[in-house]
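Observations on the model geometry
Each chain is listed here by its residues.
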Amino acid sequence: MDIHFSLDFTTPFGIGDQVFVLHPPKDIPCHGGPAWKPYQKGNIIKIKLIFDLNTTNVLAISQPGDEQILHVDRVVYTIICPPLDHHHSAFSVECPTDPTSKPRLFANEEELQAYLQPESA
């Protein structure tokens, strides 16, 4: 019996999208990339979905007809920035899918600036 897997999940950003990311991050898992600027503009070159499964992050099907619901826990974006002094470095940013989590990527510089300097109440 064949097992068919499908996932109904849409990432907020796609391959080739230009994004702005806070860098270096304070509480954001991020690896690589230049650390001398407060934020970077780059293009997404790869997307990885991390599922909320179990400690081994493995989904096991043990019975015919088992129905498993997959939940995407985090989206990991690999971003490459325009070369600075002939240095071209990709880095990864993990973005939780929880709607209450802080934004880590921004569609444009204005959104990022608004996040960094919220209006005084």
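Each remark here, short or long, concerns the structure printed above.
In this report, the structure presented in the accompanying data block is examined. Bear in mind that the values here come from a model prediction, so they are computed numbers and not experimental data.

Focus on the overall build of the chain
- When its secondary structure is counted, the chain shows one helix and six strands.
- Counting from the amino terminus, the chain carries its helices and strands in the arrangement β-β-β-β-β-β-α.
- In the chain, buried positions account for 24% of the 121 residues.
- Put simply, 59% of the contacts in the chain that link residues at least 6 apart link residues at least 24 apart.

Quick word on the nonpolar core
- The biggest cluster of nonpolar side chains holds 13 residues, and the ones touching the most others in it are Tyr77, Ile79, Val93 and Leu105.
- Among the elements of the structure, β1 (18–22), β4 (72–80) and β5 (90–96) are those that each provide at least two residues to this core.
- At four residues, β4 tops the list of elements feeding residues into this core.
- If we ignore the near neighbours within four places in the chain, the residues touching Tyr77 are Thr11, Pro12, Phe13, Ile44, Lys46, Ile47, Phe91, Ser92, Val93, Cys95 and Leu105.
- Counting residues in each nonpolar core, the second largest holds five residues, with Phe20, Leu22, Tyr39 and Phe106 among its members.

What counts and how
Residues numbered from 1 in each chain as written. Predicted model: local features only at pLDDT ≥ 70, side-chain atom pairs only at ≥ 80, totals over all residues. Heavy atoms only, no water. Helix = DSSP H or I, 4+ residues; strand = E, 2+ residues; numbered from the N terminus. Buried < 20%, exposed > 50% of the residue type's maximum accessible area, 1.4 Å probe, protein only. Contact = heavy atoms within 4.5 Å. Core = buried A, V, L, I, M, F, W, Y, C linked by side-chain atoms within 4.5 Å.

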